[in-house]
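Below are the chains, spelled out letter by letter.
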Amino acid sequence: MTTGQVDRAPTAAPAAAAARRRITVRGVVQGVGFRPFVHALATELGLTGHVANTGEGVVAEVEGHPAALARFAERIGAEAPPLAVVEAVDGEDIAAVGEAGFRILPSRGHGSSRTLVAPDAATCDACLAELTDPADRRHRHPFLTCTHCGPRFTIVTALPYDRALTTMDRFPMCAGCAREYADPADRRFHAQPIACHDCGPRLRLLTADPDDRTRPPRPEHGADPVAGARRLLADGAIVAVKGLGGYHLVCDASHDTAVRLLRRRKARGDKPLALMARHIDDIAHLVRVRDEERALLTGPQRPIVLLRRTPHPAPVPGAPALSEAVAPASPDLGVMLPYTPLHHLLLGLPGDPPGPRLLVMTSGNLAGEPIVTDDDEALRRLAHLADAWLTHDRPIRIPCDDSVVRISDGEPLFVRRSRGYAPFPVALPVPVRPALAAGGDLKNVLCLAEGRRAWLSAHIGDMDDFATQLAFEAAEAHLETVTGVRPQLLAADRHPGYRSGQWAQRHTEGRPLVRVQHHHAHIASAMAEHGLDGGLPVIGVAFDGTGYGDDQAVWGGEVLLADYDGYRRFGQLAYVPLPGGDATVRRPYRMALAHLRAAGIDWAEDLPPVAACPPDERRLLARQLERHLNCVPTSSMGRLFDAVSSLAGICHHSGYEAQAAVALEAAALTAGEDDGVGYTFALHPAPADPKGLLADTLADPAPLLTAVVRDVRAGTAPALIAARFHTAVAGLVRDLCGQARERAGLGTVALTGGVFANTLLAEATAGRLRQDGFTVLRHRSIPPNDGGLALGQIVVAARTTPLYGGVGVP
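Residues numbered from 1 in each chain as written. Predicted model: local features only at pLDDT ≥ 70, side-chain atom pairs only at ≥ 80, totals over all residues. Heavy atoms only, no water.

Digging into the packing of helix α19 (residues 702–713) against helix α20 (residues 718–744)
Direction vectors running N to C along α19 and α20 enclose 165 degrees, while the axes themselves pass 11 Å from each other. If you check the angle between α19 and α20, you find them roughly antiparallel. Seen along the crossing, α19 lies across α20 with a hand that is right-handed. Note on element contacts: α20 touches α19 through Ile721, Arg724, Phe725 and Ala728, opposite Leu704, Val708, Asp711 and Val712. Of the residues belonging to the contact of α19 with α20, the class tally is 6 nonpolar, no polar and 2 charged. (Axes fitted to C-alpha atoms, helices over the stretch in contact; angles between N-to-C directions. Helix = DSSP H or I, 4+ residues; strand = E, 2+ residues; numbered from the N terminus. Parallel < 35°, antiparallel > 145°, perpendicular 65-115°, else oblique. Left-handed = near helix turned anticlockwise from the far one by under 90°. Contact = heavy atoms within 4.5 Å. Nonpolar A, V, L, I, M, F, W, Y, C, P; charged D, E, K, R; others polar.)

Description of the packing of aromatic side chains
For the structure on display, the rule yields 5 aromatic pairs. Geometrically, the ring pair formed by Phe472 and Trp503 is edge-to-face, given 4.9 Å between the ring centres and 70 degrees between the ring planes. Here Phe472, found in helix α10 (residues 466–483), pairs with Trp503, found in helix α11 (residues 499–506); they are 31 residues apart in sequence, far enough to count as distant. Measuring from centroid to centroid gives 5.5 Å for Phe543 and Phe756, while their planes differ by 15 degrees, and the two rings are stacked. Here Phe543, found in strand β22 (residues 538–548), pairs with Phe756, found in the loop between β29 (748–752) and α21 (759–771); they are 213 residues apart in sequence, far enough to count as distant. (Phe/Tyr/Trp six-rings, centres within 6.5 Å; stacked < 30°, edge-to-face > 60°.)

Digging into the side chain of Arg230
With respect to the element layout, Arg230 can be found in helix α5 (residues 225–234). Engagement of the side chain of Arg230 in a polar contact is seen with the backbone oxygen of Leu346, the distance being 3.1 Å. (Polar contact = N/O pair within 3.5 Å; in protein donor to acceptor, adjacent residues only side chain to side chain.)

Overview of the sheet that holds strand β19 (residues 447–456)
With mixed pairing, the 4 strands of this open sheet are ordered in space as β19-β18-β20-β21. The sheet is open, and its two borders are formed by β19 and β21 (513–516), each paired with just one other strand. Recorded for the sheet is a direction-independent mean angle of 60 degrees between the axes of neighbouring strands. Those strands touched by α10 are β18 (426–437) and β19, and its axis lies near 145 degrees from that of β19. (Pairing = 2+ DSSP bridges.)

See below:
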């Protein structure tokens, strides 16, 4: 980085009145135009001195009249650039030196990071205007950016954030860019990813030989790679497009053949595919867009926003069509707007030839693998998925998948927290020593923490794939680099088979490793997110698909009285056998049959799950349940959702995680008014348990299942059965929390676990609890699913004193 120049000497204050202060600004203050902002503010106020990036943040020394120094201190936090997040402004008086002018100094303090690197940000309006202006020198430049937008986290290699410490270091600035970079009046003053057509990264379009997909792709000749890619997409091709945090697989969302081909190649099953629309108007006929959702769609983070579909949308003249294969049977469409110049170009600028207006934009990987970032790897790993590659020569330092968010009760609810948000930290209500939490094995996200900050990585993926495990190691090393945290303590899930926990065990290097129970971590994450210091326990309702229990059973329908130090199991869904593990998760009819047998209900041929189960498999399953062969007991609420989905005839086979539960929610949303008899659980005291591992109260679903069977045989609509089930689960939570308040005197409830990503259930449950006077904690900054698990592991591991008889410690 070059040293800033003296621009002009402002009017000096009288010598007798001159004072000097050193001001340190901490937070997201690097890569967001903060030093140019400080330069302009100091110059405006007639102050002299200098500013620099350091490992601690941005440090400015300013000299001048005391009144001007006071105004500078007030405004530096209040008027910060749009992408900056100022956490603290500290000042100290130092001796005046009589300095002239104001300069930006070279960065210092490499290798001692305590500042915060900014997330990647969507193209700002000013850059978008240049992109579309034929008279601008960056017209149609696919990599245009400024201090207010563009890549940050995905290109930074170390801090302080300077061009030399990003993947832009291989692109020397041309004379024009260097001039803008050094001009305090320019929007690109010290913008580290600055580039143009003359000196920036280059696009290439490569195509595969359709007759021999084993041969390497070749360059597609033509003046404009983007125009070539648009033509291919319009013709039904699948194009791998290199984005900010990895490759996407892209096709025309209205081209039914292309969408179905992408599903087959990627082994996607029926899992919904994300869309990218040029403008909100292009999807307005398909979904409901509320103000809060519009703000998410158009904000600088640009996540995928889950939008509720319009039932039976009528064709709108001129509106783009949508293949039914994009999101079959899903109540939502996942939609995002363009967030890079390349995306805008791919969707077409005004005056461009017609092309696709809605694009399928899904992660460039096979199911279960991490998103591809390396160019050579993309040509190899995506060879059987893509017909062409729209790529470029700017390296991606760290993978970063798209974030996925929905609005629930007027607030964001994260399904996946990644691009646009990572690695912005979560404030901790309790101080922790430097620590690393490995998270879980599904939807893995790791976490580093120190003091009162916790940094969550971008979404990594499911740890059953070796490539994902390598991505985990790379993400951990990168996060240590950009945060400066050197862990003294490790935390992991208690499941002995989790690969995340095995990694932590292999990397202890003499450091203590704390094993944290899965659902305790879920509840602790909700407590930490809401700033609870742990002084009082909460009623934690943790509903998910699976978690390793203290008795080695599969937990997942838990009500725990918990703080950071420990927990007591107050309520649980009664155990039923889980026959065959993953086989039953993939075939919900097996879970339905297990629940029916546990409830004492015969497997009559007129019941949908019985009919769905082949006779030979049914006989084997009956023998397996009778003899308890490979049958782990489970209290999972997620598996109960699967069972009811199959019992209602909605979903018997699950091609992706929680498909049966998603289909059950989708059906419930279509139910009309219900004047029938609702469903209920039976609540029983637990039998005597010498080990004290059963909950105080067992929630028995047998009465509910009996009522569902009655409704099925009466011809009740599956949608109404689904709605009644959701109402019953919300009522169960209300009853258990009421009992917990009576017995333990607690008034705060934390709703957590992947089941509470179901907005129908979460909103109904929270509403009932609030009516009863409870304070309800719902996740708003991190996901309720296993993507938020590592945050809870961090705060639990940081505490060592057990609350309830040592349950909370390994």
